[in-house]
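A structural walkthrough
So the chains spell out like this:
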Amino acid sequence: MNSDPRPVLLSGIKPTGELHIGNYFGAMRQLVDLSKSDEHDCYIMVADYHALNFIQNAQNMRELSLDLATAYMAVGLDPAHLTIFKQSDVPAHTELAWIFESITTMPYLMRAHAFKDAEAKNHEISVGTFNYPLLMAADILLYDTFVVPVGQDQKQHVEYARDTAEKFNRLFCTGITSRTNSPFNPNEYLKLHEVPKDEVFTVLPIPLIMPEVAIVPGTDGQKMSKSYGNTIPLFASREVITERIMSIVTDSSGERPENVYAIHRLLKSEDELVPLYEEHKGKYKALKDALIADLEEFIAPMRERYLELKNNPDVVIKALHEGAKKANLKAESKMSTVRRAVGVV
Ligand code: TYM
């Protein structure tokens with residue numbers, strides 16, 4: 001079924017709310033760059049079943065999922081050259097996740113950072129949150145994915161996918177069948193040896209993390225994250241950009257306002273920034289104004305495209321529909337091997 005010889009690239013984002021520039025610089029920009037080079041067969045996913053752990057309102061779920069697909073297209077991911085799809089449109093993801101859950105132990109999953117963080121905060125976590133890494137392993141392994149472009153916080157999840165692939169292969173891919181026919185019948189004997197010894201998950205995925213943007217800082221210098229309230233929305237209006245940048249607390253003790261500089265660094269090279277920060281030493285308002293202007297210049301074209309697509313949702317819905325067809329074809333082909341390997345067919 002896989003006629004495309006290029007290595008597979010897959011990534012996803014949870015549709016849990018407004019995207020921010022941390023998502024863009026940490027993960028989306030690499031997707032855009034890599035998909036343009038045409039060297040990979042790219043699958044870009046709206047991870048709606050992952051989001052169900054957080055979004056438990058049907059209307060919100062629908063809107064946020066469509067919005068994320070719109071954002072993917074607005075930042076330059078072109079459905080003519082890659083597959084954009086919704087996780088829930090491909091039932092094989094949850095089917096494979098169940099199989100992985102059946103071969104995984106609880107202590108192993110308890111080592112997940114996300115689980116430990118939730119536990120440390122005394123949060124009561126859902127079974128879905130606990131099993132989260134295995135649904136993500138299914139997302140990745142269903143497509144024989146080689147490259148997974150993500151931010152640093154997702155690295156461990158890709159490691160879980162590798163481990164799970166190896167465990168599955170160890171358990172189910174011995175290459176020996178339980179044929180009961182007489183081995184002395186030469187035809188049967190030959191068939192016995194025809195059983196492919198290949199492992200089911202032959203490609204082990206690697207995370208692709210750009211070191212300089214592995215953790216994009218927010219307006220307070222901590223990791224940019226919705227839950228910290230320190231974000232700059234990816235399609236922010238000039239007013240919102242201004243409000244967020246002006247809210248940055250500047251520390252007058254250092255050489256330069258580090259929280260301003262750290263965001264500026266995403267947009268401009270050090271060679272460009274050093275003279276600017278030297279010229280405006282101590283003048284935090286001028287430096288913030290410069291950052292606002294640079295952010296506006298960077299965001300405006302994407303924001304325009306985003307608003308255009310928002311007014312034409314049919315374009316996005318059609319892309320998701322086509323994407324689902326293509327993703328299902330590939331996923332089903334892998335699942336037929338998986339089902340045979342575990343013995344349910
Ligand atoms: P999610 O939705 O939390 O985040 C989406 C992507 O944005 C990156 N990111 C950041 N990178 C750098 N600095 C930041 N401040 C920052 N904030 C967010 C994240 O690392 C991520 O790459 N489990 C995934 C979604 C997922 C997935 C997959 C990803 C589901 N299945 C299969 C890859 C492959 C998640 O929760 O991402």
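Rules and cut-offs
Residues numbered from 1 in each chain as written. Predicted model: local features only at pLDDT ≥ 70, side-chain atom pairs only at ≥ 80, totals over all residues. Heavy atoms only, no water. Helix = DSSP H or I, 4+ residues; strand = E, 2+ residues; numbered from the N terminus. Contact = heavy atoms within 4.5 Å. Areas by Shrake-Rupley, 256 points an atom, 1.4 Å probe, with all protein chains shown as cover. Lys, Arg positive; Asp, Glu negative; His and termini not counted. Charge placed at Lys NZ, Arg CZ, Asp CG, Glu CD. Phe/Tyr/Trp six-rings, centres within 6.5 Å; stacked < 30°, edge-to-face > 60°. Buried < 20%, exposed > 50% of the residue type's maximum accessible area, 1.4 Å probe, protein only. Lys NZ or Arg CZ within 6 Å of the ring centre and 35° of its normal. Near = heavy atom within 4 Å. Polar contact = N/O pair within 3.5 Å; in protein donor to acceptor, adjacent residues only side chain to side chain. Nonpolar A, V, L, I, M, F, W, Y, C, P; charged D, E, K, R; others polar. Axes fitted to C-alpha atoms, helices over the stretch in contact; angles between N-to-C directions. Parallel < 35°, antiparallel > 145°, perpendicular 65-115°, else oblique. Left-handed = near helix turned anticlockwise from the far one by under 90°. Expected span 1.5 Å × (residues − 1). Bend = angle between axes of the 7 residues up to and from the residue. Right-handed = clockwise from strand over helix to strand, strands pointing away. Pairing = 2+ DSSP bridges. pLDDT = per-residue confidence, 0-100. Salt bridge = Lys/Arg side-chain N within 4 Å of Asp/Glu carboxyl O.

In terms of regular secondary structure, the protein chain is built from 14 helices and five strands. For the protein chain, the C-alpha atoms occupy an extent of roughly 90 × 45 × 40 Å along the three principal directions. Pairs at least 24 apart in sequence give 80% of the contacts found in the protein chain among residues at least 6 apart. Working note: accessible area of the protein chain is about 17,900 Å², and carbon and sulfur atoms make up 53% of it. Between the mean site of the 37 positive side-chain charges and the mean site of the 47 negative ones, the protein chain shows a separation of 3 Å.

By the definition in use, this model includes 14 aromatic pairs. Here the aromatic rings of Tyr 24 and Phe 25 are separated by 5.1 Å at their centres, their planes lie at 90°, and the arrangement is edge-to-face. A relative accessible area of 8% means that Tyr 24 is categorised as buried. Geometrically, the ring pair formed by Tyr 108 and Tyr 160 is edge-to-face, given 4.7 Å between the ring centres and 75° between the ring planes. Pair noted here: Tyr 108 is in helix α5 (residues 106–109) and Tyr 160 is in helix α8 (residues 155–172), with a separation of 52 residues, a long-range link. What makes Tyr 108 buried here is its relative accessible area of 16%. Each member of the aromatic cluster is reached from another via a ring pair, and the members are Phe 100, Phe 168, Phe 172 and Phe 201. Of note, Arg 256 hangs over the ring of Tyr 261, and the distance from its end group to the ring centre comes to 3.6 Å.

Taken together, 28 residues lie around the ligand, and Lys 14, Tyr 132, Asp 139, Asp 153 and Val 216 are the ones closest in. Within the backbone of Val 216, a nitrogen or oxygen atom sits 2.7 Å from a nitrogen atom of the ligand. About the coverage of the ligand: the protein hides 95% of its 730 Å² of free accessible area. Mapped onto the shell around the ligand, the elements with two or more residues apiece are β1 (8–13), α1 (21–37) and α7 (127–141). When the residues that make up the shell around the ligand are grouped by side-chain class, the tally is 15 nonpolar, nine polar and four charged.

So, on to the packing of helix α4 (residues 92–102) against α7. Relative to each other, α4 and α7 sit at 125°, their axes nearing to 8 Å. Taken together, the axis directions place α4 and α7 in an arrangement best described as oblique. In the packing of α4 onto α7, the handedness of the crossing is right-handed. In this structure, α4 uses His 93, Thr 94, Leu 96, Ala 97, Phe 100 and Glu 101 to contact α7, whose residues at the interface are Asn 131, Leu 134, Leu 135, Ala 137, Ala 138, Asp 139 and Leu 141.

With that settled, consider helix α13 (residues 284–310). The first and last C-alpha atoms of α13 sit 36 Å apart over 27 residues, in line with the 39 Å expected at 1.5 Å per residue. The largest bend in α13 amounts to roughly 35° and is located at Ile 299, with the proline Pro 301 lying one to four residues further along.

Turning to the pairing of strand β2 (residues 41–46), a few remarks are in order. The buried fraction of β2 amounts to six of the six residues, a majority that puts the element mostly inside the structure. Alternating positions in β2 separate into two faces, Asp 41, Tyr 43 and Met 45 on one and Cys 42, Ile 44 and Val 46 on the other, with burial throughout. Read from β1 through α1 to β2, the crossover connection turns out right-handed. Both β2 and strand β3 (residues 83–86) contribute to a ladder of four bridges, which runs parallel. Bridge pairing links Met 45 to Phe 85 in β3.

Before going further, it helps to spend a moment on the packing of α7 against α8. Where α7 contacts α8, the two axes come as close as 8 Å, and the packing angle between them is 70°. Comparing the axis directions of α7 and α8 gives the class roughly perpendicular. Of α8, the residues touching α7 (which contributes Tyr 132, Pro 133, Leu 134, Met 136, Ala 137, Ile 140 and Leu 141) are His 157, Val 158, Tyr 160, Ala 161, Thr 164 and Ala 165. Taken together, the residues that form the contact of α7 with α8 break down as eleven nonpolar, two polar and no charged.

For the rest of this paragraph, the subject is the confidence of the model for the protein chain. Per-residue confidence for the protein chain gives a mean pLDDT of 91; residues scoring 70 or more make up 92%. Across residues 176–181 the pLDDT falls below 50, and counting only partners more than four positions away or on other chains, this stretch makes seven contacts in the model.

Reading across the sheet, the five strands line up as β3-β2-β1-β4-β5 and stay open at both edges, with parallel pairing between neighbours. A single partner strand is all that each edge strand has here, and the edge strands are β3 and β5 (206–208). Going from strand to strand, the sheet's axes swing by 30° on average, the running direction of each strand aside. Relative to β2, β1 runs parallel, the two sharing six bridges. In the sheet register, Gly 12 faces β2, and the bridge partner there is Met 45.

Should their charged atoms come close, side chains of opposite charge can pair. According to the stated counting rule, one finds 19 salt bridges in the structure shown. Here Lys 326 ties to Asp 41 by a salt bridge, and the two come within 3.8 Å at their closest N and O atoms. Here the residue Lys 326 occupies a position in helix α14 (residues 313–342), and Asp 41 occupies one in strand β2, the gap between them amounting to 285 residues. Among the residues examined, Lys 326 registers a relative accessible area of 39% and is labelled partly exposed. Taking relative accessible area as the criterion, Asp 41 reaches 3% and is therefore assigned buried.

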